[in-house]
Amino acid sequence: MATAATGKDIKLGFLTVIEMADRGFMGGLLVTTLTGRPLEFQCTTPVQPNKTQQILYGTTLGPFIKGELIAKTLLERVQIKPVAILVDQLDILGLRNHIETPVAVLKTDDTTGKPNDAEHAKRTHNRNELYALKAFSEDLAIIAEMLKGIPAEADLGEPLYRTNEALRETLKTAA
Amino acid sequence: MEEAQENADLTSQSINLGLNPQILVTGMNSAMARWSSVMLQDVPLLAKPGYVPSWKPMFGKVKTFGVNFPDSVEVLKPKVVEEKKAHEEPPKPKKVENEGEEAADKPKKPARIKPPADAITLEDRLFYMLQPPLNSWFSSQELVMPFEPFPYQYEGIAWLFSQKSAMLADGMGLGKTMQTITAIRLLLRAAQVRRILLVCPKPLIPNWQREFKFWAEEIPITTLEGDTARRNMLWSMDRAPVLLANYEVMVRDLGERPEEDLPKFDLVVLDEAQRIKNRDSRTSDAARSIPRKKSWALTGTPIENRPEEMASLFEFMGVVPERATPDLRQLKLLADVYVLRRTKDLVMKDMPPLLDREALLELSPAQKYAYETAEKHGTMQLDAMGEEITIQHVFELVMRLKQIANYDPVTGESVKLERLVADMEEIAASGEKAILFSQWTKTIDWLAERMPEQFGTLVYHGGVAHKDREPILKKFKEDPKSHLLLMSYGTGAVGLNLQFSHYVFLFDRWWNPAVEDQAINRAHRIGVKKQVICTKFICQGTVEERIDLVLKEKREMFNRVLGDGDDSSKSLSLNASEIFGLFDMKARHKEGVRKIQPKKEVA
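Residues numbered from 1 in each chain as written. Chains lettered and ligands numbered in written order. Predicted model: local features only at pLDDT ≥ 70, side-chain atom pairs only at ≥ 80, totals over all residues. Heavy atoms only, no water.

Caption draft 1: Quick peek at the overall build of chain A. Helices and strands together make up the secondary structure of chain A, namely four helices and seven strands. Counting from the amino terminus, helix and strand elements in chain A follow one another as β-β-β-α-α-β-β-β-β-α-α. Going through the 175 residues of chain A one by one, you find that 56% of them count as buried. In chain A, the share of contacts with a sequence separation of at least 24, taken over all contacts with a separation of at least 6, comes to 55%. (Helix = DSSP H or I, 4+ residues; strand = E, 2+ residues; numbered from the N terminus. Buried < 20%, exposed > 50% of the residue type's maximum accessible area, 1.4 Å probe, protein only. Contact = heavy atoms within 4.5 Å.)

Next comes the structure, spelled out in structure tokens:
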């Protein structure tokens, strides 16, 4: 079972995946200190599922590509391992099934997917709503404990914005 | 052979199927009317059915790209609250005075760091994009700011942080010092720089020391001073993050050094960078010769006289080739990328106003006599010189007349002094403070001797020893009995923060209104809490009135040509023609007279 890191050991991962109609999925992971200072950033190249994959995976395609294929790869590649991961999409939560690190969705205006009581556990930290897979509901308490060092008025989702912008910049450069 | 063997094994056997076919004449087969006999027989399959998938759930290997950030530099912890209280009346209060409660509740727009235009690689661009917004950085416990910067200051800090070559040319009083110190602080934290050289005019050294202590107390500052051996030792100190030197020391110590012996820096900052406007000067040479990765120039007056002066600054910044002479269009393009300039009018809309007041005074009888006599003799002498007259001769006369307008050297009569004392009585009685500027240290000393004791008059000019200057400013700020500070334009007009004084007197006029503006802006700057009243003494019917008129006309003309926004990028100094024009001078020419004009234009 995961435990809460403290003080300087706390390195948070902010993971997001963007989906583009013509280029598929692309993910980015920003590892920061508790104060938001960047330590490492990793992003993937776009993953474009073919027609057969789209048909045969059906509705599970998104969660598979985001949570397993992209997010897991990013976690493996990053040199500075985060002690907790915050994501902005419910589809990425599946990552938790493959790793030991606590993962939670930080609900923002841009969060995709609708949490439901059957699958997700919820916790409020300051003004932020956090969701985890029901099977890993203890992650929420661990993450909330780690986040105690962040001032209540801080925008917890801000690093996700940076991650998103960095992904778009990377795409622009690669185009 | 094998086939023959197989054929040999085949035997033929006749089987009676019980069919009795009849061929009718009609061609119909009678067998068609009878039910066929059907039998079942097992036929084994040729092979077992296999599962051959035509598709496998496989995705290619996902490739990744990464950016690593350098380790942050360990710094001292912020001081405890008790110690901070000592700073509650800071030398440069930046608290937002005019923000109401509504503004306080409103979430602030994040001040993000943008990649510079010359950042080419993706890694470089991501490095800047992934930095946290400055306001969240500052609000975190990691980086404590004594006061919340203004939004435009956030923008300036973020811009400086990302620039390799930068000219911060904000108008006076907008906080160039604070923005620079904070950007340096962030760069040190992000391990982007480790060794910085900051060069400024000598009188501003204590100011930089004080401001560093206030805005970035964790950064140790090493000032280049002492004898040559000590300075050499300091130049070679690798572990000092910020070295502070004055221009003279920089020229003396580095001007003659061979290239391989020059100390290397990650960042060189030139304060009052107009000092290197002349690219042939030793100061410019010395500044350009220092090996460095980043070059920043700070100036409130990027152009003092001619736009070409900027070329020298751009050369230091490394954005134009050596000896390049960019034309106006190219300068404009370079400025768009490498210069950040905001004026007070644009960013400080809520700042208390500056009230400009002209005190038109009548010379006292003794002054008037002395003035008229000097003018008469002076112009006669100049007239007599005819074609030999030079700008220097006229200049000397102007100076003499200006001095008499200040006070009559024989009788000591001074209408300006009388007016000053009258105004100061009111100011001192209300507990306020005032600063006074004059062109001459002699006038300042003369005034100081005649000021009533209750004004607590202090003197700050070039004749005051450097070690005594800081205590004077401290006393003026902190001593409630000290109401008047007499300063010279040369020493007091730049870099000082005196926004706690709400009255400014210009005892005599400077040649260039930009210098006067700099002087006035010692008081009328960020943090000023109430309106500032500036009184300009002008003696009627004297050369002062004529100088004022010419300067006003010049200002208006430049405003018409360049607009109101950028008021210091203009040539406002009086040129030779204008100085000659202060007097209606004529030379005898054959039988009549002709107007005297300078032989060549002097800017």
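Next comes the rest of the description.
Caption draft 2: Here's a closer look at the nonpolar core. Residue and element names in this part refer to chain B. If you look at the biggest cluster of nonpolar residues, it comprises 64 residues, and the most contacted ones within it are L420, I435, L447, L485 and V504. Broken down by element, the residue count for this core peaks at seven residues, all from helix α17 (residues 415–429). Contacts of V504, omitting those with residues within four sequence positions, involve I435, F437, I520, A523, V532, I533, C534 and T535. Residues I113, L134, Y154 and V242 belong to the second largest nonpolar core, which totals 57 residues. (Core = buried A, V, L, I, M, F, W, Y, C linked by side-chain atoms within 4.5 Å.)

Caption draft 3: Broad picture of the sheet that holds strand β2 (residues 24–32) of chain A. Pairing is mixed in the open sheet, where eight strands are placed in the order β6(A)-β7(A)-β5(A)-β4(A)-β1(A)-β2(A)-β3(A)-β1(B). Since the sheet does not close on itself, it has two edges, and those belong to β6 (120–125) of chain A together with β1 (64–68) of chain B, each with one partner. For this sheet the average axis-to-axis angle between neighbouring strands, irrespective of direction, equals 25°. Sheet topology note: the strand β3 (residues 38–44) of chain A/β1 of chain B ladder contains five bridges and is antiparallel. Bridging from a neighbouring strand, C43 of chain A pairs with F65 of chain B of β1 of chain B. Its contacts with the sheet put helix α2 (residues 61–77) of chain A on β1 (12–20), β2, β3 and β4 (84–87) of chain A together with β1 of chain B, and the angle it makes with β2 of chain A is roughly 40°. Running at roughly 60° to β1 of chain B, helix α4 (residues 122–129) of chain B makes contact with β3 of chain A together with β1 of chain B of the sheet. (Pairing = 2+ DSSP bridges. Axes fitted to C-alpha atoms, helices over the stretch in contact; angles between N-to-C directions.)

Caption draft 4: Inspection of the packing of aromatic side chains at higher detail. Residue and element names in this part refer to chain B. Under the defined criterion, the tally for this structure stands at 16 aromatic pairs over all chains. With centroids separated by 5.2 Å and ring planes inclined at 85°, the aromatic side chains of F127 and Y128 adopt a geometry described as edge-to-face. Residues F437 and Y489 carry aromatic rings whose centres are separated by 5.6 Å and whose planes lie at 25° to one another, so their mutual orientation is stacked. One end of the pair, F437, is in strand β10 (residues 434–438); the other, Y489, is in helix α20 (residues 489–492), and 52 residues separate them in sequence. Comparing F437 with Y489, the two get one shared label, buried. (Phe/Tyr/Trp six-rings, centres within 6.5 Å; stacked < 30°, edge-to-face > 60°.)

Caption draft 5: Up close: the interface of chain B and chain A. Contact with chain B, which involves 28 residues of that partner, is made by 36 residues of chain A. For the pair chain B and chain A, the summed buried area comes to about 2,900 Å², and 61% of that belongs to carbon and sulfur atoms. Remark: the boundary between chain B and chain A carries two salt bridges. The salt bridge partner of R112 of chain B is E158 of chain A, with a shortest N-O separation of 2.6 Å. Secondary structure elements with two or more residues in the side of chain B that touches chain A: β1 and α4 of chain B. For the side of chain B that touches chain A, the element with the most residues is β1 of chain B, which contributes five residues. Taken together, the residues that form the side of chain B that touches chain A break down as 16 nonpolar, six polar and six charged. (Buried area = accessible area lost by both parts, 1.4 Å probe. Salt bridge = Lys/Arg side-chain N within 4 Å of Asp/Glu carboxyl O. Nonpolar A, V, L, I, M, F, W, Y, C, P; charged D, E, K, R; others polar.)

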